[in-house]
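Residues per chain are reported as follows:
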Amino acid sequence: MSVSTADRDRVRKPGSASAYGVFRALTGLAALAVLLQGLWAGIFLEHDGQRDSSSRWIDVHARGGEVALALSALALVFAIVRLRSRRDLLLGAAVLMVLLGLESYLGGLIRDNGKDTLTAVHVPLALAIMALAVWLPLRSGRAT
(Lines give C-alpha, C1' and ligand atoms only; values in the text may rest on other atoms or scores of the structure.)
Protein backbone atom coordinates (compact mmCIF):
# COMPACT_ATOMS: atom_id res chain seq x y z
CA MET A 1 0.00 0.00 0.00
CA SER A 2 1.48 3.35 -0.97
CA VAL A 3 1.05 6.52 1.05
CA SER A 4 0.54 9.78 -0.81
CA THR A 5 2.49 12.93 0.00
CA ALA A 6 -0.68 14.59 1.29
CA ASP A 7 -1.28 11.67 3.67
CA ARG A 8 2.30 11.84 4.91
CA ASP A 9 2.01 15.58 5.53
CA ARG A 10 -1.25 15.09 7.39
CA VAL A 11 0.39 12.49 9.65
CA ARG A 12 3.38 14.74 10.42
CA LYS A 13 1.34 17.82 11.29
CA PRO A 14 0.09 17.75 14.87
CA GLY A 15 -2.98 19.86 14.14
CA SER A 16 -4.80 21.48 11.28
CA ALA A 17 -4.52 25.14 10.43
CA SER A 18 -7.94 25.70 11.95
CA ALA A 19 -6.83 24.03 15.20
CA TYR A 20 -3.92 26.43 15.45
CA GLY A 21 -6.28 29.29 14.67
CA VAL A 22 -8.58 28.33 17.54
CA PHE A 23 -5.62 27.99 19.90
CA ARG A 24 -4.27 31.38 18.78
CA ALA A 25 -7.70 32.94 19.32
CA LEU A 26 -8.05 31.51 22.82
CA THR A 27 -4.54 32.47 23.91
CA GLY A 28 -4.80 35.82 22.14
CA LEU A 29 -8.00 36.64 24.03
CA ALA A 30 -6.33 35.54 27.26
CA ALA A 31 -3.44 37.89 26.44
CA LEU A 32 -5.92 40.72 25.84
CA ALA A 33 -7.55 40.01 29.21
CA VAL A 34 -4.12 40.10 30.86
CA LEU A 35 -3.32 43.41 29.15
CA LEU A 36 -6.61 44.89 30.34
CA GLN A 37 -5.74 43.74 33.85
CA GLY A 38 -2.83 46.18 33.81
CA LEU A 39 -5.08 48.99 32.62
CA TRP A 40 -7.70 48.35 35.29
CA ALA A 41 -5.05 48.03 37.99
CA GLY A 42 -3.63 51.38 36.94
CA ILE A 43 -7.06 52.95 37.24
CA PHE A 44 -7.66 51.76 40.78
CA LEU A 45 -4.08 52.22 41.97
CA GLU A 46 -4.38 55.94 41.35
CA HIS A 47 -6.52 56.01 44.50
CA ASP A 48 -3.45 54.84 46.46
CA GLY A 49 -4.92 52.41 48.94
CA GLN A 50 -8.38 53.97 49.28
CA ARG A 51 -10.31 50.80 48.55
CA ASP A 52 -13.73 52.43 48.87
CA SER A 53 -12.91 54.95 46.13
CA SER A 54 -11.83 52.25 43.72
CA SER A 55 -13.93 49.23 44.67
CA ARG A 56 -15.71 49.09 41.31
CA TRP A 57 -12.41 48.96 39.40
CA ILE A 58 -11.06 46.38 41.81
CA ASP A 59 -14.15 44.27 41.03
CA VAL A 60 -13.60 44.75 37.28
CA HIS A 61 -9.96 43.73 37.76
CA ALA A 62 -11.05 40.59 39.64
CA ARG A 63 -13.60 39.62 36.96
CA GLY A 64 -10.96 40.19 34.28
CA GLY A 65 -8.66 37.80 36.09
CA GLU A 66 -11.40 35.18 36.10
CA VAL A 67 -11.95 35.67 32.37
CA ALA A 68 -8.21 35.31 31.66
CA LEU A 69 -8.09 32.16 33.79
CA ALA A 70 -11.13 30.67 32.04
CA LEU A 71 -9.67 31.41 28.59
CA SER A 72 -6.36 29.85 29.57
CA ALA A 73 -8.18 26.75 30.84
CA LEU A 74 -10.04 26.48 27.53
CA ALA A 75 -6.75 26.86 25.65
CA LEU A 76 -5.16 24.12 27.75
CA VAL A 77 -8.06 21.71 27.19
CA PHE A 78 -8.00 22.50 23.48
CA ALA A 79 -4.23 21.91 23.35
CA ILE A 80 -4.65 18.57 25.12
CA VAL A 81 -7.37 17.45 22.72
CA ARG A 82 -6.20 18.86 19.38
CA LEU A 83 -2.52 19.84 19.67
CA ARG A 84 -1.24 17.09 21.95
CA SER A 85 1.96 16.48 20.03
CA ARG A 86 3.00 20.12 20.30
CA ARG A 87 4.62 19.84 23.71
CA ASP A 88 5.71 23.48 23.62
CA LEU A 89 2.12 24.69 23.29
CA LEU A 90 0.77 22.14 25.74
CA LEU A 91 3.34 23.03 28.38
CA GLY A 92 2.98 26.75 27.71
CA ALA A 93 -0.80 26.59 28.08
CA ALA A 94 -0.45 24.61 31.32
CA VAL A 95 2.07 27.06 32.77
CA LEU A 96 -0.14 30.00 31.76
CA MET A 97 -3.13 28.50 33.53
CA VAL A 98 -1.14 27.67 36.68
CA LEU A 99 0.41 31.15 36.82
CA LEU A 100 -2.97 32.80 36.29
CA GLY A 101 -4.40 30.65 39.08
CA LEU A 102 -1.57 31.69 41.39
CA GLU A 103 -1.99 35.32 40.35
CA SER A 104 -5.73 35.17 41.06
CA TYR A 105 -5.06 33.62 44.45
CA LEU A 106 -2.56 36.34 45.34
CA GLY A 107 -4.98 39.00 44.12
CA GLY A 108 -7.67 37.55 46.35
CA LEU A 109 -5.35 37.68 49.34
CA ILE A 110 -4.55 41.31 48.57
CA ARG A 111 -8.18 42.28 48.07
CA ASP A 112 -10.01 40.18 50.63
CA ASN A 113 -7.40 39.85 53.38
CA GLY A 114 -5.61 43.18 53.00
CA LYS A 115 -2.25 41.54 52.29
CA ASP A 116 -0.98 44.56 50.35
CA THR A 117 2.65 43.46 50.73
CA LEU A 118 1.91 40.68 48.22
CA THR A 119 1.63 43.36 45.54
CA ALA A 120 5.42 43.12 45.32
CA VAL A 121 4.94 39.58 43.98
CA HIS A 122 1.60 40.13 42.20
CA VAL A 123 2.83 42.82 39.80
CA PRO A 124 6.07 41.15 38.61
CA LEU A 125 4.20 37.86 38.21
CA ALA A 126 1.69 39.72 36.04
CA LEU A 127 4.54 40.85 33.77
CA ALA A 128 5.79 37.28 33.42
CA ILE A 129 2.24 36.16 32.62
CA MET A 130 1.97 38.85 29.96
CA ALA A 131 5.18 37.65 28.33
CA LEU A 132 3.92 34.07 28.26
CA ALA A 133 0.46 35.14 27.06
CA VAL A 134 2.04 36.97 24.12
CA TRP A 135 4.52 34.17 23.36
CA LEU A 136 1.90 31.39 23.15
CA PRO A 137 -0.16 32.66 20.18
CA LEU A 138 3.01 33.69 18.38
CA ARG A 139 4.62 30.31 19.00
CA SER A 140 1.56 28.46 17.72
CA GLY A 141 2.10 30.08 14.34
CA ARG A 142 5.52 28.44 13.96
CA ALA A 143 6.10 24.98 12.63
CA THR A 144 7.52 22.42 15.03
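Look above for the structure.
Residues numbered from 1 in each chain as written. Predicted model: local features only at pLDDT ≥ 70, side-chain atom pairs only at ≥ 80, totals over all residues. Heavy atoms only, no water.

1. Topic: a nonpolar patch on the surface
Together, Leu29, Leu32 and Leu35 line one region of the surface with nonpolar side chains, adding up to about 280 Å² of accessible area. A relative accessible area of 44% places leucine 29 in the partly exposed class. (Patch = residues over 30% accessible without salt bridge, like charges linked within 9 Å, V, L, I, M, F, W, Y side chains within 5 Å. Areas by Shrake-Rupley, 256 points an atom, 1.4 Å probe, with all protein chains shown as cover. Salt bridge = Lys/Arg side-chain N within 4 Å of Asp/Glu carboxyl O. Buried < 20%, exposed > 50% of the residue type's maximum accessible area, 1.4 Å probe, protein only.)

2. Some details on the packing of helix H3 (residues 55–82) against helix H4 (residues 87–113)
Their axes nearest at 9 Å, the elements H3 and H4 cross at an angle of 160°. Viewed along their axes, H3 and H4 adopt a mutual orientation that is roughly antiparallel. As H3 packs across H4, the resulting crossing turns out to be left-handed. Here the residues of the contact of H3 with H4 are counted per class, giving 15 nonpolar, four polar and three charged. (Axes fitted to C-alpha atoms, helices over the stretch in contact; angles between N-to-C directions. Helix = DSSP H or I, 4+ residues; strand = E, 2+ residues; numbered from the N terminus. Parallel < 35°, antiparallel > 145°, perpendicular 65-115°, else oblique. Left-handed = near helix turned anticlockwise from the far one by under 90°. Nonpolar A, V, L, I, M, F, W, Y, C, P; charged D, E, K, R; others polar.)

3. As for the environment of valine 22
Its place among the elements puts valine 22 in helix H2 (residues 17–45). As a C-alpha pair, valine 22 and proline 137 span 115 residues in sequence and 9.8 Å in three-dimensional space.

4. Some words on the environment of aspartate 116
Its place among the elements puts aspartate 116 in the loop between H4 and helix H5 (119–140). The exposure class assigned to aspartate 116 is partly exposed, which follows from its relative accessible area of 44%. For the pair aspartate 116 and leucine 106, spaced 10 residues apart in the sequence, the C-alpha separation amounts to 9.7 Å.

This is a description of form; function is not addressed.
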